[in-house]
Amino acid sequence: MSRLWDLGGALDARVLAYTAGEDHALDDRLIAHDVTASLAHAAMLHGRGLLADGDFAAIRDGLAALGDEHARGLWRVELADEDGHTALERRLTARIGAAGGRLHLGRSRNDQVLAALRLWMRAEAAALAGLAREVAAALGEVARLHDGVALPGYTHLQPAMPSSVPLWAGGFAAELEDDAAGLAACARRIEKNPLGSAAGYGTPGLALDREATRAALGFAAVHEPVTAVQLSRGKAEAQLLFEVHLLTQDLGRLAADLVWYASKELGFVALPPAMTTGSSLMPQKRNPDLFELARAAGAVTLGALVEALALPAKLPSGYHRDLQRLKAPLFRACDLARATAGLFAATLPEIRFLPERIALPPELGAAEEAHRLVLAEGIPFREAYRRVAARYRPE
Ligand code: ARG
């Protein structure tokens, strides 16, 4: 099988395997979006009189059928295709004949991949934001189930101040809502139409209607000038990965609390057996592996963010194949964040705080005592602090 760009000379199979890498498999998740963007491009060509009615109808129906068959698992991008864009066009031409070859007028895989990725990121950011809000709602349920249950508030892992389960859960819920808002803010970089920039320098001699594809795909603006488009590749990814990282970091800190609260030493959180795993050697153990792996997810998302920042750095302007490597970290981090948030949303309402095991040492009230002294006697806080300290001086 040959690629769209093949002009005769055979490609070394080892070079194909290295350059296509995992790209062909990763691109399966872009096919639906490549179909959407290709339909918009074809309609624009038709509108401009660059595609005859019959050819447009054949392309439109062929793309729709291929998209539908791909969604049903009837075909996958193959290594020999090199990437998903080539796979789609090759199959379209096989299905409808020479008309398929008219679709690529005025575009390049360079703007095609950006269009597909932006549509994918739009959907992904919305899905992740929805999941972040679901975890926040699950924490609301934890708070409701433990209304009035007091907890020590810790600083430096030392008992510090009075807190409560609703206050603890409410803090995480608020930050998860903030993460959802951060994910929504990624739209600023995602919502620009790259189509019509083609390989990165527009389409000399060919007047395309970039506004038409913008409107069809629901982008907020046409990405201008054409030379900005390839310079931007990786920036929306990095912004999304930054927000994904903050989300997994918040989930990881929640997980860190639960691992500690469920430890034998504190032991005031009970994790349901279905959420814990056993030890192969020590029959007495129930381990919080779920929360430990969730705690570690942030390392993976941070690594992905660093990859996305490093890949375009120091590249000269224009398209470079280096940019293809942006997809793997993007998908890896988003998949992990989705799985982690989804599991938290489903399982958090099952955890139980055990009030009888929650130690509330009297020194949790030390700061409050000092505040009361200030209010009652009008003395400076520093003096009240010293008086109260004398009562709690550690032996
Ligand atoms: N798979 C490529 C990528 O993700 C698509 C663009 C390929 N363009 C090219 N000129 N080889 O970057």
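Refer to the structure above for everything that follows.
Residues numbered from 1 in each chain as written. Predicted model: local features only at pLDDT ≥ 70, side-chain atom pairs only at ≥ 80, totals over all residues. Heavy atoms only, no water.

### Some details on the side chain of Thr-248
Next up, step 1: Looking at the secondary structure, you find Thr-248 in helix H11 (residues 235-261).
Next up, step 2: For Thr-248, a relative accessible area of 0% translates into the label buried.
Next up, step 3: Of note is the side chain of Thr-248, whose polar atom sits 3.0 Å from the backbone oxygen of His-245.
Next up, step 4: In contact with Thr-248, other than residues within four places in its own chain, are Ala-297, Gly-298, Thr-301 and Ala-337. (Helix = DSSP H or I, 4+ residues; strand = E, 2+ residues; numbered from the N terminus. Buried < 20%, exposed > 50% of the residue type's maximum accessible area, 1.4 Å probe, protein only. Polar contact = N/O pair within 3.5 Å; in protein donor to acceptor, adjacent residues only side chain to side chain. Contact = heavy atoms within 4.5 Å.)

### Here we look at the environment of Thr-203
Next up, step 1: You can see Thr-203 is positioned in the loop between strand S3 (192-193) and helix H9 (210-217).
Next up, step 2: In this view, Thr-203 contacts Gly-106, Gly-196, Ala-198 and Leu-208; residues no more than four positions away in its chain are not counted.
Next up, step 3: Within the local environment of Thr-203, its side chain forms a polar contact with the backbone oxygen of Leu-206, the two atoms lying 2.8 Å apart.

### Examining the site of the ligand
Next up, step 1: Close to the ligand lie Asp-23, Asp-83, Arg-109, Asn-110, Val-113, Arg-233, Tyr-319, Gln-324 and Lys-327.
Next up, step 2: Take Asp-83: an N or O atom from its side chain is 3.1 Å from a nitrogen atom of the ligand.
Next up, step 3: Between a nitrogen atom of the ligand and a side-chain N or O atom of Gln-324, the distance comes to 3.2 Å.
Next up, step 4: Against a free-state accessible area of 340 Å², the protein chains account for coverage of 87% of the ligand.
Next up, step 5: Ranked by residues supplied to the shell around the ligand, first place goes to helix H6 (residues 109-145) with three residues. (Near = heavy atom within 4 Å. Areas by Shrake-Rupley, 256 points an atom, 1.4 Å probe, with all protein chains shown as cover.)

### Some remarks on the environment of Ala-20
Next up, step 1: Residue placement: Ala-20 occurs in helix H1 (residues 13-20).
Next up, step 2: Judged by its relative accessible area of 0%, Ala-20 falls in the buried class.
Next up, step 3: For the pair Ala-20 and Asp-81, spaced 61 residues apart in the sequence, the C-alpha separation amounts to 8.5 Å.
Next up, step 4: Residue contacts for Ala-20: discarding those within four places in its chain leaves Leu-79, Glu-82, Arg-321 and Gln-324.

### Quick notes on the pattern of salt bridges
Next up, step 1: Across all of its chains, the model carries 23 salt bridges by this definition.
Next up, step 2: For Arg-14, the salt bridge goes to Asp-12, with nearest N and O atoms at 2.8 Å.
Next up, step 3: Under the relative-accessibility criterion, Asp-12 is labelled partly exposed at 31%.
Next up, step 4: Taking the shortest distance from any N to any O, the salt bridge between Arg-102 and Asp-55 comes out at 3.0 Å. You can see Arg-102 sitting in the loop between helix H5 (84-96) and H6 and its partner Asp-55 sitting in helix H4 (residues 53-71), a full 47 residues away along the chain.
Next up, step 5: Judged by relative accessible area, which is 48%, Arg-102 ranks as partly exposed.
Next up, step 6: Three or more residues are tied together by salt bridges with common partners; here these are Glu-82, Asp-83, Arg-109 and Arg-321. (Salt bridge = Lys/Arg side-chain N within 4 Å of Asp/Glu carboxyl O.)

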